[in-house]
Amino acid sequence: MKNLYVATLAVLFSLAAFPAICLAQGTVMENLETQTISVDPVNGVDTCGANLSICKTINEAVSVAISNNQAGLGTKVNIVAGTYRESVTMNASVMDTSLPMTFQAVTNGTVILSGADLFTNSWTTYSGNHNIYQTTWPYSFGGCVSPAGCPTAPAIALSNNMLVVDGVVMNEVLALSQMIAPNLFYVDQAHTTVYLWPPTSVNPNTAKVEVPTRSSLWNIQGKSNIVLRGLTFQYGNSCRSNSAVTVQGSGTNVILDTDLFQWNNGQGLAITIDNVTIENSTANHNGDSGFQYNQTKNLLWMNDTASYNNWRGAEGAYYACNVGGVHAFLAHEDTINGMTLAFNQSYGIHYDTDAYNASVTNLVSTNNLLSGVFLEKDEGPVTITSSHLCNSNSSAAAGGLAIRNSTNVSLTNSTLANNLPGEIVVFGLPGGISVTNWETLTNYLLISQKFTNTGNVIQGDSAADELFQDTYLTGADWTPFGATLISDNNTWWNAFNNLTEFIVPTPTANNQLDFPQWQSTTGQDANSVFQQPSVDPALACNSVTPDAPDIATTVDNSTPSVGATGVATFNDTITPILSPGNTTIAYDGVSEVPGLSITLTPSSGTPPFTSAIKVTAASSTVAGTYPITLVASSAATTRVVQVALTVPLTHLRYSVVQLNFPNTESGKTSAGMSFTITNTGTTSITLTSFTYDLPTVFKTSTSTCGATLGAGRVCTVTATFSPNAAQYFSGTLTVVDTDPTLAQVLNLTGSGTHIPTASFSPASLSYGAVGLGSSATLTTTFTNTSTNGANLNIGTISIGGGTF
């Protein structure tokens with residue numbers, strides 16, 4: 001054994017002779033590390049101290065390295081492969097010197113700092129379902145609170161209970177009744193019991209079961225000149241908006257090199273100091289953001305990856321606030337080069353407020369739920385070059401490049417493809433948003449302007465995929481955007497929608513333009529072309545390979561509400577990651593509520609597919625908010641999403657929630673369309689008013705309702721459509737009444753068409769004098785002479801006069 005120590009130390013001491021790594025942002029002079037310590041959980045001792053014996057724990061080695069630092073010695077700590085179930089905290093001290101400390105794996109990726117402990121309780125089968133096991137749960141982690149400034153997160157997104165079986169993280173549900181598929185667990189905190197439906201054919205009594213119990217795995221608080229290299233951080237059970245690894249305080253010059261942050265309940269890595277380099281590192285499968293940083297300067301990101309993040313938020317359909325594969329808040333002098341962002345159930349990267357001098361190069365952002373790159377309230381400049389933004393095509397997506405109240409944005413020499421609702425989408429708050437630069441304290445009123453778009457290949461891959469979409473910058477907001485837009489030398493293309501691929505808000509909202517009209521309206525893209533690219537612009541994105549068969553289940557409405565017809569509708573989309581095979585959607589939370597029923601169309605299929613969910617409430621269903629859990633299961637995995645269904649206190653039921661009128665000629669009135677109102681309550685309800693927001697276009701022709709609708713009574717309202725132009729109309733009918741839900745709103749739609757014109761040629765026929773019998777046959781041609789594209793509907797053709 002002595003010879004083993006000698007051989008090991010010889011290798012470790014030789015590592016100290018490697019040259020220092022000097023990077024542009026975080027710079028640590030590793031050549032000043034003159035002391036070397038090793039960590040070995042098998043052969044180490046609890047107290048290694050200054051005699052350079054091998055340490056058994058990382059914490060002991062950290063303690064020695066800090067003592068060396070304060071004594072004027074730089075230290076390199078080499079860590080032997082193993083799983084270290086400990087939490088490291090490094091606090092600043094007035095005794096700290098500028099000497100460096102490096103903590104590195106002898107072999108990259110073999111050192112795991114785990115937040116989990118082995119769980120050795122005996123399991124018994126649950127009497128209600130022999131697929132489910134149960135045992136005592138000795139933990140009480142306390143749960144979490146919603147992120148500050150964000151909408152209240154649902155309970156499932158705020159939990160920090162985790163359970164791992166044979167290296168697979170189980171999905172948590174919040175009721176025993178929701179245990180309806182493998183890979184699920186439920187903690188009954190009130191009865192200190194945990195229930196587990198393990199993976200198929202796995203017995204938890206013989207499996208390796210782990211419970212994450214530590215929220216923080218490594219916390220650098222105010223210290224400088226530190227390197228973490230080749231380490232894996234997993235199973236931290238931190239709350240949402242907290243992280244497994246944190247670099248914070250007043251320190252500077254930190255390098256994170258070839259580190260892995262995975263399967264943590266909250267964020268993987270959070271940074272709040274300046275001058276940090278993160279290179280060759282990966283943050284995958286974290287419950288919140290992969291990488292999060294706040295009020296930072298001079299961060300350098302080189303060849304990093306952040307994918308499959310926000311799984312905890314997605315369990316509660318909580319996709320957007322303070323989260324992303326990368327979430328950068330108040331980031332100054334930020335440099336990203338060679339980053340990959342894929343399959344995040346949120347944004348790829350979200351530059352959230354006061355991004356200043358941010359540079360993004362060689363980014364691949366693909367298959368993220370909401371957007372490839374989302375710029376929000378940023379004064380810029382933000383430059384994106386040689387990057388690829390693709391496949392953000394969920395119903396909730398904000399576009400490939402989404403710009404909200406941001407300025408000085410430059411997109412060059414990049415490709416965008418297959419993003420919904422558009423490749424470049426501009427939206428936000430009209431009139432601007434006030435933002436203060438945290439360094440200079442300069443205040444900006446930010447409207448979207450000074451956008452440069454040059455040398456890009458921009459391709460839409462469906463009729464719904466616009467190339468450019470701006471639906472909000474009207475009037476004073478559009479003028480500076482259009483006046484400062486620079487767009488040229490681009491290739492634009494959409495084979496499915498080549499007439500209306502650009503949407504601008506001028507001269508009216510939602511004005512749809514083809515490419516020549518876009519050029520004329522903006523005065524830009526003189527040297528651009530509208531043609532199919534010679535190389536598929538999604539090619540770089542399609543080269544990203546998922547790490548394992550998996551699925552994502554996402555809903556387009558996390559808080560559906562039963563409407564006036566007694567029905568709530570939303571969609572659940574199953575997205576494949578690799579090839580998960582046939583997937584089935586099951587549900588819980590409906591049968592427990594009297595009067596609720598549900599249909600899923602379809603309830604199974606091969607991903608990708610979308611299931612239309614329809615929940616119907618009877619008039620007797622008690623008002624309230626009810627959790628409905630959807631469980632998507634395939635042979636590869638199980639994924640969960642929970643929505644909060646609201647059944648409002650109401651006694652009025654409507655037969656429809658929308659009237660879609662047929663196409664009607666401008667200046668004419670359609671036939672009436674009717675709907676009924678039923679009072680399902682036990683008392684009369686006063687109907688105060690029926691108000692149309694387009695009263696000259698939509699109006700009531702007849703109504704049997706009167707001022708009061710008695711208990712159990714039904715009345716009928718008939719409305720008509722009278723377009724005054726050849727265009728699409730969308731309006732509402734608001735019924736104000738004394739029902740507990742107050743006003744009821746019905747949607748109204750219809751399209752006005754042009755009035756057609758027609759003529760005969762010749763306009764008259766002259767038969768002359770004709771004897772008894774039949775005349776010669778004369779012909780006239782009837783022509784639709786409309787120049788406005790109006791169709792001419794022909795009813796009957798008749799000839800006047802008794803002798804013809």
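Scroll up to find the structure.
Throughout what follows, the structure given in this document is the object of discussion. (Residues numbered from 1 in each chain as written. Predicted model: local features only at pLDDT ≥ 70, side-chain atom pairs only at ≥ 80, totals over all residues. Heavy atoms only, no water.)

Each strand in a sheet pairs with another by means of backbone hydrogen bonds, the pair being arranged parallel or else antiparallel. The strand order across the open sheet built from four strands is β49-β50-β54-β52, with neighbouring strands paired in antiparallel fashion. Here the strands that pair on one side only, and so sit at the sheet edges, are β49 (550–555) and β52 (596–601). Within the sheet, the average angular offset between the axes of one strand and its neighbour, ignoring direction, is 20°. Pairing analysis gives eight bridges linking strand β50 (residues 567–577) to strand β54 (residues 609–617), with the strands arranged antiparallel. Looking at the pairing, A568 lines up with V615 of β54. (Pairing = 2+ DSSP bridges. Helix = DSSP H or I, 4+ residues; strand = E, 2+ residues; numbered from the N terminus. Axes fitted to C-alpha atoms, helices over the stretch in contact; angles between N-to-C directions.)

Taking burial as the measure, the five residues of strand β14 (residues 193–197) include five buried ones, the bulk of the element. Examined bridge by bridge, strand β9 (residues 129–136) and β14 share four bridges and lie antiparallel to one another. By the bridge assignment, Y133 is partnered in β14 with L196. For strand β13 (residues 184–188) and β14, the ladder comprises five bridges, and the chain directions are antiparallel. Residue pairing for β14: F185 is matched across the bridge by L196. Hairpin connection from β13 to β14: four residues lie between these consecutive antiparallel strands, with T192 at a positive phi of about 45°. (Buried < 20%, exposed > 50% of the residue type's maximum accessible area, 1.4 Å probe, protein only.)

Strand order in the open sheet made by the four strands is β7-β15-β10-β11, with antiparallel pairing throughout. With one partner strand each, in any of the chains shown, β7 (116–118) and β11 (168–169) form the two edges of the open sheet. Across two bridges, strand β10 (residues 164–165) lies against β11 in antiparallel orientation. From the neighbouring strand, V165 faces β11, where its bridge partner is V168.

Another aspect to go through is the packing of aromatic side chains. One pass over the full model with this rule turns up 32 aromatic pairs. For the pair W218 and F233, a centre-to-centre distance of 6.3 Å together with 90° between the ring planes defines the contact as edge-to-face. Of this pair, W218 sits in strand β16 (residues 218–221) while F233 is found in strand β18 (residues 231–234), placing the two residues 15 residues apart along the sequence. Each member of the pair W218 and F233 is classed as buried. Between the aromatic rings of F374 and F427, the centroid separation amounts to 5.8 Å while the plane-to-plane angle is 5°, which identifies the pairing as stacked. Of this pair, F374 sits in strand β32 (residues 371–376) while F427 sits in strand β38 (residues 422–427), placing them 53 residues apart in sequence. One aromatic cluster is present, built from ring pairs that chain together F468, W478, F481, W492, W493, F502, F515, W518 and F530. (Phe/Tyr/Trp six-rings, centres within 6.5 Å; stacked < 30°, edge-to-face > 60°.)

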